[in-house]
Amino acid sequence: MSAENLQLFEIFLRSRRGLDHKHVGSLHAEDHEQALEYARDVYTRRSEGVSIWVVKSDDICASQEDDSESFYDPSNDKPYRLATYYQLPDEVNNM
Amino acid sequence: MVSDMNEETKQAVLNYTIRLGDDAVVIGHRIAEWCRNAPFLEEDLALSNVALDFIGRARMFYGYAEELADDGRKEDYFAYMRDHREYQNLLIMELPRGDFAYTMVRQLLVDVFNLYYLEQLISSTDETLAAIAGKAIKETRYHLRRSHEWVLRLGLGTDESKIRAQKAVDDIWGFTHELFDLDELEQQMADAGIGVDNRSLQQDWSAKVKSILEEASLIVPEDSWKVKGGREGYHTEYLGQMLNEMQCVHRANPGLEW
Amino acid sequence: MVEIDQQQKFQNKIDAEIKIEPKDWMPEAYRKNLIRQISQHAHSEVIGMQPEGNWITRAPSLRRKAILLAKVQDEGGHGLYLYSTAETLGITREEMINALQDGSARYASIFNYPTQTWADVGAIGWLVDGAAIVNQISLQRTSYGPYSRSMVRICKEESFHQRQGYELMLTLSRGSEAQKAMAQDSLNRFYWPSLMMFGPHDTESAHSASSMKWKVKRETNDDLRQKFIDQTAPQIEFLGLQHPDKDLKWNDEKGQFDSGEINWDEFWRVINGDGHCNRQRVQHHINAHKEGAWVREAMASYQQKKKSKAA
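About the thresholds
Residues numbered from 1 in each chain as written. Chains lettered and ligands numbered in written order. Predicted model: local features only at pLDDT ≥ 70, side-chain atom pairs only at ≥ 80, totals over all residues. Heavy atoms only, no water. 1 Å grid on protein atoms, 1.4 Å probe; cavity = no way out; pocket = protein on both sides within 12 Å on 5 of 7 lines; lining within 4 Å. Points joined across faces, edges and corners; volume = space filled by probe spheres on them. Nonpolar A, V, L, I, M, F, W, Y, C, P; charged D, E, K, R; others polar. Helix = DSSP H or I, 4+ residues; strand = E, 2+ residues; numbered from the N terminus. Buried < 20%, exposed > 50% of the residue type's maximum accessible area, 1.4 Å probe, protein only. pLDDT = per-residue confidence, 0-100. Contact = heavy atoms within 4.5 Å. Buried area = accessible area lost by both parts, 1.4 Å probe. Salt bridge = Lys/Arg side-chain N within 4 Å of Asp/Glu carboxyl O. Polar contact = N/O pair within 3.5 Å; in protein donor to acceptor, adjacent residues only side chain to side chain. Phe/Tyr/Trp six-rings, centres within 6.5 Å; stacked < 30°, edge-to-face > 60°. Lys NZ or Arg CZ within 6 Å of the ring centre and 35° of its normal. Core = buried A, V, L, I, M, F, W, Y, C linked by side-chain atoms within 4.5 Å.

A. A look at the layout of surface pockets. Of the volumes computed, that of the largest pocket is approximately 1300 Å³. Lining the largest pocket are 38 residues; nearest its centre among them are A:E10, A:H23, A:V24, A:G25 and C:R149. Each residue belonging to the lining of the largest pocket can be placed in one class, and the counts come to 10 nonpolar, 11 polar and 17 charged. There is about 1100 Å³ of room inside the second largest pocket. Taken together, 45 residues line the second largest pocket, and the ones lying closest to its centre are C:Q40, C:A108, C:M197, C:F198 and C:G199. For the lining of the second largest pocket, the elements supplying multiple residues, two or more each, are α2 (28–47), α4 (62–87), α6 (119–139), α7 (145–173), α8 (177–196), α9 (208–213), α10 (221–239) and α11 (264–274) of chain C. Looking at the lining of the second largest pocket element by element, the count peaks at eight residues for α6(C). Its residues assigned to classes, the lining of the second largest pocket shows 21 nonpolar, 14 polar and 10 charged.

B. View of unusual backbone geometry. Phi angles above zero are rare outside glycine, and A:S47 is one such case at about 50°. On the secondary structure map, A:S47 appears in the loop between α1 (32–43) and β3 (51–56). Its relative accessible area of 65% is what places A:S47 among the exposed residues. Of note, the phi angle at B:R36 is positive, near 85°, even though the residue is not glycine. Note that B:R36 resides in the loop between α1 (7–32) and α2 (41–69).

C. Local environment of the confidence of the model for chain A. For chain A, the mean per-residue pLDDT works out to 86, and 95% of the residues sit at or above 70. Confidence scores differ between elements of chain A, with helix α2 (residues 68–72) of chain A showing the lowest mean pLDDT of 73 and β3(A) the highest of 96.

D. Quick look at the interface of chain C and chain B. The interface of chain C with chain B comprises 46 residues on the first partner and 48 residues on the second. Approximately 4000 Å² of surface area, both sides summed, lies buried where chain C meets chain B, with 69% of it carried by carbon and sulfur atoms. For the pair chain C and chain B, the interface holds one salt bridge. Note that C:R93 is salt-bridged to B:E42, the shortest N-O span being 2.5 Å. Remark: the boundary between chain C and chain B carries 18 residue pairs in polar contact (both at pLDDT 80 or more). Going through the elements one at a time, α3 (49–53), α4, α7, α8, α12 (278–291) and α13 (293–310) of chain C are the ones with two or more residues in the side of chain C that touches chain B. Broken down by element, the side of chain C that touches chain B gets its largest block of residues, 14 residues, from α4(C). Residue classes in the side of chain C that touches chain B are distributed as 22 nonpolar, 15 polar and nine charged.

E. Structural context of the packing of aromatic side chains. Applying the stated criterion to the full structure yields 23 aromatic pairs over all chains. Between C:F10 and C:W25, the aromatic rings sit 6.2 Å apart at their centres with planes inclined by 80°, giving edge-to-face as the arrangement. One end of the pair, C:F10, is in helix α1 (residues 2–15); the other, C:W25, is in the loop between α1 and α2, with 15 residues separating them in the sequence. Pairing C:F198 with C:F228 gives two aromatic rings, centres 5.6 Å apart and planes at 45°, and the pair type is tilted. Of this pair, C:F198 sits in the loop between α8 and α9 while C:F228 sits in helix α10; the two residues are 30 residues apart in sequence, bridging distant segments of the chain. Assigned by exposure class, C:F198 and C:F228 land together as buried. Put simply, the rings of B:F113, B:Y117, B:W173, B:F180 and B:W205 touch in pairs and so form one group of aromatic residues. In this structure, B:R82 packs its charged tip against the face of B:Y87, placed 4.8 Å from the ring centre. Between the NZ or CZ atom of C:R58 and the centre of the ring of C:W55, over which it lies, the distance is 3.7 Å.

F. Geometry of the nonpolar core. With 194 residues, the main nonpolar core has A:L27, B:I92, B:W205, C:Y30 and C:W118 as its most contacted residues. Here this core takes 16 residues from α2(B), the largest share from any one element. Excluding residues that lie within four positions of it along the chain, A:L27 makes contacts with A:Q7, A:L8, A:F9, A:I11, A:A35, A:Y38, A:A39, A:V42, A:Y43, B:E42 and C:L80.

G. Region of the structure containing the interface of chain A and chain C. Each partner contributes residues to the interface: chain A has 24 residues there, and chain C has 28 residues. Regarding the contact of chain A and chain C, the summed buried area is about 2300 Å², with carbon and sulfur atoms giving 45% of it. The tally of links from chain A across to chain C stands at five salt bridges. Applying the counting rule to chain A against chain C returns 10 residue pairs in polar contact (both at pLDDT 80 or more). Ranked by residue count, the leading element in the side of chain A that touches chain C is strand β2 (residues 21–29) of chain A, at four residues. Split into classes, the residues belonging to the side of chain A that touches chain C amount to nine nonpolar, eight polar and seven charged.

If you want it as structure tokens, here you go:
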């Protein structure tokens, strides 16, 4: 019952300026403010971050594995969206 | 620079620095007692961070004392080989950890004091003390953010938490007057622009503490009792017990590397 | 039919080294097995704060005090990472803690041994964390994604734990006679229990087979234990201490050490309650938790009041 009344928050860290925030784990806190402070104490003990996002776990809506066919398969047949699809002569190939 | 100081100033700065080291190590030790005993795991980690800040601060002050003393006494000599009669920390630092309310209320009172104290120490003419203050004040701002929020939660939480918080305020209040005393050494250091005139901090401290306590719907006690003596080594019984424990391994085999 | 189909798809993923993620379909037994293992791992970290925490107030130098406090704090952090990993499987921290406190969940039996001297802090960091790391490195490849990611982070942090422990032992064994004796005594007491941390022989282990099939575990208890024995022997020699295993002998043919038999009676006795600290450890957890109840209630009530004020 250590955290019987507390909410679960997901923690995202930006490890350096210029990089994306990345999910690192979760923790229990009373509200966003406190979650931010605990995230600082729990997930940045070795200066792992320069910016923190906290999100209530309940607020995350995740795609389901069952959806993956309808979500992701359709893009499998669109290789023309990828740079590697286009063969260019060597002279101009660093494009 | 240490090399530019005359012998008398050097001694005075040394004694002044040791006191600041004593304050930091004693309260750091107290907060560290929470590690594995906190109300939930996140708080174990947070309190340990605060304790680590204070132990680090003690090491910086004692490290500077080592340099000033220049007689072979090292950082650990100051922490481990001095008796409680020689320790010169403020009494509020040595009070036991008590319950969570006691710890957080003491922390609030100390954090607000440290905030104003360090803001002054940053402009010390002594570059080392100023540099330590520069690092410490960042930590203190975070400590205060935490202790402020916790006192609100406790004061405005349940009936029980309010009672416990109020009792802590009442039981600790008499130890806060000492924060604003100035003895001869401190006067000398303040005059020289090396130390801080603690008396000048009292008004800001009172205003800030009062506003936070009121925000937490806690009653600011009357100034009906005052306990003093830490800077002269006149301590509560708690410090002797604390140091007995803290120093026992080091002293059982003195002079060794650990 | 659908169930069998799912089972097959699941096992195919495992066989192809594709990680399983929280929202994926998984057999109930896989989920249960993971919850058991991850929560036991989390409890071990949290209960493991106690034996070393016992020395925070007595650490003989400020440097050691800071290191030890940071280390014990890390254990708490690792417990927290692992609880949050287990929570992705649909169990709450509250449920896990209840199970720890009522005795239905286990933690590593090594923490039922008492820390009697300062050298034990060194021996635990070096041997106990060392053994844990051997196991955890292997678990970085575990099939459950969140568990694998926690292991990567934990391994990164734990290498400091083992190194500080060994450095502490090195200082003692290069120190006075009394310090050296303290180090030897500590090694003698913690060596065998560290070997027991890898669990019973593969032939006796209740969970090994399914754990291996699902790639929750990647190497067997005995293989991991052998790695640890092999890496530890030269470290003991470098310290100039006596190896506690008198039967230890290098086997040229196998390219590894042959070692003496573990006292499994002791292992089972300590697990089943005859350790010096079994009751103390759980009771300490219960006490701290009870003592904190009013704080947690205050938080919740404050939060409630803030919410109704805002509404």
